[in-house]
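Coordinate inspection notes
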Amino acid sequence: MTTAQSGPTRTLVAPRRPKPARDAVAARSGATRTLISPVRLSQPRGRLVYRIVLALVLLVTTVAFVGPLYWMATGGFKSSQELVRTPPTLFPTHPATHAFTEAWSRLGMGGLLLNTVVYAGGALLLQLLFDVAAAYSLSKLRPALGNVILGMMLASMMIPAAALVIPQYLTVLDLPLVHWNLQDTPWVIWLPTVANAFNIFLLKRFFDSIPNELLDAAAIDGAGPLRVLWSVVLPLSRPILGVVSIFGVVAVWKDFLWPLITVPSHETLNVGVNTAATSMPENSLIAGLFLASIPTIALFLVFQRNIMAGLTAGGLKG
Amino acid sequence: MAVTLTRGPGRVDATRAGSRGQLAALRRTLLRNLRAHAFLVGALLCFVLFTWYPMIREIVMSFQRLHYGETQWVGLANYRQITADPEFWSAWRNTLEFTGVALFFGFAAPFAAAIVINECRHAQGYLRVLVYLPVMLPPVAGILLFKYFMDPGYGLFNQILHALHLPTSSWLASKNTAMPSLVLVSTWGNMGSATLVYLAALQGIPGELYEAAELDGANLWQRIWHVTVPQTRLILSLMLMLQVVATMQMFTESFVLTGGGPEGSTTTVVYLLYNYAFNYDKFNTAAALGVIMLLVLGCFSAVYLWVERRGREA
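Residues numbered from 1 in each chain as written. Chains lettered and ligands numbered in written order. Predicted model: local features only at pLDDT ≥ 70, side-chain atom pairs only at ≥ 80, totals over all residues.

1. Considering the overall build of chain B
The cut-off we apply is this: Per the convention used, a helix needs a DSSP run of H or I reaching at least four residues, while a strand needs a run of E reaching at least two, with both numbered from the N terminus. Throughout, the radius of gyration refers to the C-alpha atoms, and the reference size of a globule is 2.2 Å times the residue count to the power 0.38. Residue pairs are scored as contacts if the distance between their C-beta atoms, which are placed from the backbone, is within 7 Å.
For chain B, the count of helices and strands is 13 helices and two strands. Here the C-alpha atoms of chain B give a radius of gyration of 26 Å, more than 25% beyond the 20 Å that 2.2 N^0.38 yields for 314 residues. C-alpha atoms of chain B, sized along the principal axes, occupy 95 × 75 × 35 Å. Partitioning the contacts of chain B with sequence separation of at least 6, the portion at a separation of at least 24 is 63%.

2. Points about the overall build of chain A
Test applied: Neighbour density around each residue's C-beta defines its exposure: 20 or more other C-beta atoms within 10 Å make it buried, 12 or fewer make it exposed, and counts between make it partly exposed, where C-beta atoms are placed from the backbone.
Check the secondary structure of chain A and you find 16 helices and zero strands. In chain A, buried positions account for 39% of the 318 residues. Considering only intrachain contacts with a sequence separation of at least 6, the fraction spanning at least 24 residues in chain A is 71%.

3. As for the interface of chain B and chain A
Cut-off, in case you're wondering: For this classification, Asp, Glu, Lys and Arg are treated as charged, while Ala, Val, Leu, Ile, Met, Phe, Trp, Tyr, Cys and Pro are nonpolar and the rest, including Gly, are polar.
Of the residues lining the interface, 91 residues belong to chain B; the matching set on chain A comes to 97 residues. Counting residues per element, the side of chain B that touches chain A draws most heavily on helix 1 (residues 21-61) of chain B, which supplies 20 residues. Class assignment of the residues belonging to the side of chain B that touches chain A gives a composition of 63 nonpolar, 18 polar and 10 charged.

4. A look at the nonpolar core
Put simply, the rule is: When buried Ala, Val, Leu, Ile, Met, Phe, Trp, Tyr and Cys residues are joined through C-beta atoms within 7 Å, the set is termed a nonpolar core.
With 148 residues, the main nonpolar core has Ala134 and Leu289 of chain A together with Leu273 of chain B as its most contacted residues. The leading source of residues in this core is helix 7 (residues 178-202) of chain B, at 16 residues. Apart from the residues within four sequence positions on either side, leucine 289 of chain A is in contact with Met72 and Val273 of chain A together with Ala141, Leu144 and Leu145 of chain B.

5. Examining the UniProt feature "transmembrane region" (unreviewed entry) in chain A
All names here are of chain A. Stated precisely, the cut-off is as follows: UniProt positions are given in the numbering used here, feature names are shortened, and annotations may be inferred rather than shown by experiment.
The UniProt feature table records "transmembrane region" (unreviewed entry) at residues 48-71, 112-136, 148-167, 187-207, 228-253 and 285-303. Annotated as residues 112-136, this span is 100% helix and 0% strand, and its ends, taken at the C-alpha atoms, are 35 Å apart. Here residues 148-167 runs as 55% helix and 0% strand, with 24 Å between its end C-alpha atoms.

6. Concerning the packing of helix 3 (residues 86-119) of chain B against helix 7 of chain B
Pairs of packed helices are described in terms of their axes, by the angle between the two and the distance that separates them. Residue and element names in this part refer to chain B. Note the threshold: The angle between two axes is taken between their N-to-C directions and runs from 0 to 180 degrees, where each axis is a line fitted to C-alpha atoms and a helix contributes only its stretch in contact. Geometric relationships in this document are graded by angle, where less than 35 degrees denotes roughly parallel, more than 145 denotes roughly antiparallel, 65 to 115 denotes roughly perpendicular, and other angles denote oblique. By convention, the crossing between two helices is left-handed when the near helix turns anticlockwise from the far helix through less than a right angle, and right-handed when the turn is clockwise.
Between helix 3 and helix 7, the least distance of the axes is 7 Å, while the angle of their chain directions is 40°. Here helix 3 lies oblique to helix 7, going by the angle between them. As helix 3 packs across helix 7, the resulting crossing turns out to be right-handed. Taken together, the residues that form the contact of helix 3 with helix 7 break down as 20 nonpolar, seven polar and one charged.

7. Considerations on the confidence of the model for chain B
Residue and element names in this part refer to chain B. Rule in force here: pLDDT runs from 0 to 100 and stands for how confident the predictor is about each residue.
Residues with a pLDDT of 70 or more make up 94% of chain B, whose mean pLDDT is 85. The secondary structure element of chain B with the lowest average pLDDT is helix 6 (residues 156-163), at 85, and the one with the highest is helix 12 (residues 269-279), at 93. In the predicted structure, residues 1-12 sits below a pLDDT of 50 and forms 20 contacts with residues beyond four places in sequence or in another chain. With a pTM of 0.84, the predicted complex shows an ipTM of 0.84.

8. Side note on the domain arrangement of chain B
Rules: The domain boundaries here were taken from an automatic or database domain assignment.
Assigned domains of chain B: these are domain 1 (17-61) and domain 2 (80-313). Placing a centre on the C-alpha atoms of domain 1 of chain B and another on those of domain 2 of chain B gives a separation of 40 Å.

9. Focus: the UniProt feature "domain: ABC transmembrane type-1" (unreviewed entry) in chain A
UniProt records the feature "domain: ABC transmembrane type-1" (unreviewed entry) for residues 113-303 of chain A in the present numbering. Between the first and last C-alpha atoms of residues 113-303 of chain A the distance is 20 Å; the span itself is 75% helix and 0% strand.

10. A short note on unusual backbone geometry
Backbone geometry at leucine 145 of chain A places phi at a positive 65°, although glycine is not the residue there. Counting through the fold element by element, leucine 145 of chain A comes out in the loop between helix 6 (109-141) and helix 7 (146-155). Taking the number of C-beta atoms within 10 Å as the measure of exposure, leucine 145 of chain A has 13 and is therefore partly exposed. The phi dihedral of tryptophan 171 of chain B is positive, around 50°, even though this residue is not glycine. As for its placement among the helices and strands, tryptophan 171 of chain B is situated in the loop between helix 6 and helix 7.

11. Thoughts on the UniProt feature "transmembrane region" (unreviewed entry) in chain B
In the UniProt entry, the feature "transmembrane region" (unreviewed entry) is given for residues 36-56, 98-117, 129-149, 178-201, 234-252 and 286-307 of chain B. Overall, residues 234-252 of chain B shows 79% helix and 0% strand. The separation of its end C-alpha atoms is 30 Å.

12. Some thoughts on the pairing of strand 2 (residues 70-73) of chain B
Residue and element names in this part refer to chain B. What counts, and what does not: Strands pair, by our definition, only if DSSP identifies at least two bridges between them.
Note that strand 1 (residues 64-67) and strand 2 share four bridges and pair antiparallel. Bridged to glutamine 64 within strand 2 is tryptophan 73. Here strand 1 folds back onto strand 2, and the loop between the two strands holds two residues, one of which, tyrosine 68, carries a positive phi near 50°.

13. Considering the packing of helix 11 (residues 212-220) of chain A against helix 12 (residues 225-236) of chain A
Residues and elements named next belong to chain A. Where helix 11 meets helix 12, the axes come as close as 10 Å, and the angle between the chain directions of the two elements is 135°. Taken as axis vectors, helix 11 and helix 12 run oblique relative to one another. When you trace helix 11 past helix 12, the crossing you get is right-handed. Counting all contacts with helix 11, which are made through Leu214, Leu215, Ala218 and Ala219, the residues of helix 12 involved are Val228, Ser231 and Val232. Taken together, the residues of the contact of helix 11 with helix 12 sort by class into six nonpolar, one polar and no charged.

14. Thoughts on the environment of proline 239 of chain A
As for its placement among the helices and strands, proline 239 of chain A is situated in helix 13 (residues 238-254). Note: C-alpha distance between proline 239 of chain A and alanine 309 of chain A (70 residues apart in sequence) is 9.0 Å.

15. Looking at helix 7 of chain B
Test applied: The length a helix should cover is 1.5 Å for every residue beyond the first. Bend at a given residue is defined as the angle between two axes, one fitted to the seven residues that end at that position and one fitted to the seven that begin there.
Along its 25 residues, helix 7 of chain B runs 34 Å from first to last C-alpha, staying within 8% of the 36 Å computed at 1.5 Å per residue. At asparagine 190 of chain B, helix 7 of chain B shows its strongest bend, of approximately 45°.

16. Re the confidence of the model for chain A
Low pLDDT means the predicted atomic positions in that stretch should not be read closely. When pLDDT is averaged across chain A, the result is 82; 88% of the residues are at 70 or more. In the model, residues 1-30 of chain A has pLDDT below 50 throughout and makes 44 contacts with residues more than four positions away in sequence or in other chains.

17. Some details on the environment of threonine 193 of chain A
All names here are of chain A. Checked against the element boundaries, threonine 193 lands in helix 9 (residues 187-194). Judged by the 24 C-beta atoms lying within 10 Å of it, threonine 193 is buried. Along the sequence, threonine 193 and leucine 83 sit 110 residues apart, while their C-alpha atoms lie 40 Å from each other. Excluding anything up to four places from it in sequence, threonine 193 contacts Ala123, Leu126, Gln127, Gly248 and Val252.

Written out as structure tokens, the structure reads:
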């Protein structure tokens, strides 16, 4: 356990250095030093300036990022007349919930939600299954031409996805060799998400950091590659699997152009809200937007830590 | 502690095996490879089907046309058609305008936000969550919300501007302000992820550097310019490239907010591509546009890599 603090290790997800000082006490004790020196901050003048700046930052950020969401959350409780009133009202004058029920039924929110959950869930499962297997193979089993394949996968990260939409669309209308038409089936969302080079890159880098001795020990005990993957590699990889899963779900949830053209009669939440938007009264539209935002916001608040860690997991620091 | 053990393909102990064992070793290598490829095949198939094959197909079909149900080679006709369309040039202009403005704000804003948040000794977690919150919305929800805010009449933005006795704007309704309005929406919705990435990079800067700079008499701006920026240069340039590639593909904001208008001022390249395919039913011309887009962004990536490498050598 003595190795636990021996400088930057190669773990992908864990923070690589001491957490940023959360309070002034820690900052003064010299945990981390940033742009402004702790000495300066502990002087009376510095402390005053800091307090003012902090208050301003909190105010501006809250207004800029929570303000719109607040407006969205309360907007549904207002009447359409109240929403377009001058001057605007900060609180609903006669809060009513019927905009929410109307939004739910007019948007077909239940159906949209179900579709999106099915798309995101299936995409997640397939991604975990195939991308983990591929990354494991590329990292530990090292097949012939493995590096070439990895290189070609990574090169596809450079391709702007939107530029390939036309041939991709034609491909899913008539899958080569088997001639299946995948349009309006969940497969059309699920399968392309597997071709995610970033996932494979992240997973492979994580697997690379797992010592081979561990795998060899398991192999000597008679475990085949599948068993090694399942009983040794995967339990060690929980953090990175969490990251890949969350981003996999969010990517499907937020996608627009692809579901717009490939699943026109089983729309996702994102596309469906847009389709219905033009024909809805202002207040139920706002209520609908709020309802549509709840699932991912909830997901975020629950998995906040993993998501934050995942953003730095790209190892972008070099 | 760095563990970078690699396993060469020749890990099978062929050397120790005698000449008699060579066949068995070969068989073992073959079997091992087969098994490794079996793990790879699912993902590989998806890449082939949805990335590599479409790419080739796009290039091929950009030289073809469907004529009474028959595919014909038409040379550069599709390219001539698309470049003869005045919308083609305005779409590129619009896209570049969006990219330019979005970079100006979308690049500076998250970096500034990250620097400020990093200096906060309190409420850092709260600030981080706030900045990232819009990223988690379904994009259409955020976009439509801003459509309501940006209404020239009753919209919240104009009401606030009016109350502050500032000039109001026609936002999406005028062709001069439509594109900047889209940038505003897109920056609000997306800056969170860049901010958090920068924040992580900032926390990697050793405090001694600031200490030394301060001893040398560097003021706040000099410390930012001579310590913070160089220390995060690598990630700044990477994010710059990612952002250019992302903003060049802008579609959703235009589609949802303005439908490409007013007067085509927010029709982006991807929007035009979508129109050609799904409104004008000209898939091959759309493919030609797709190839042009691949080429432009490919050139951009190549230039980026070249500059990046030269920067590292220098």
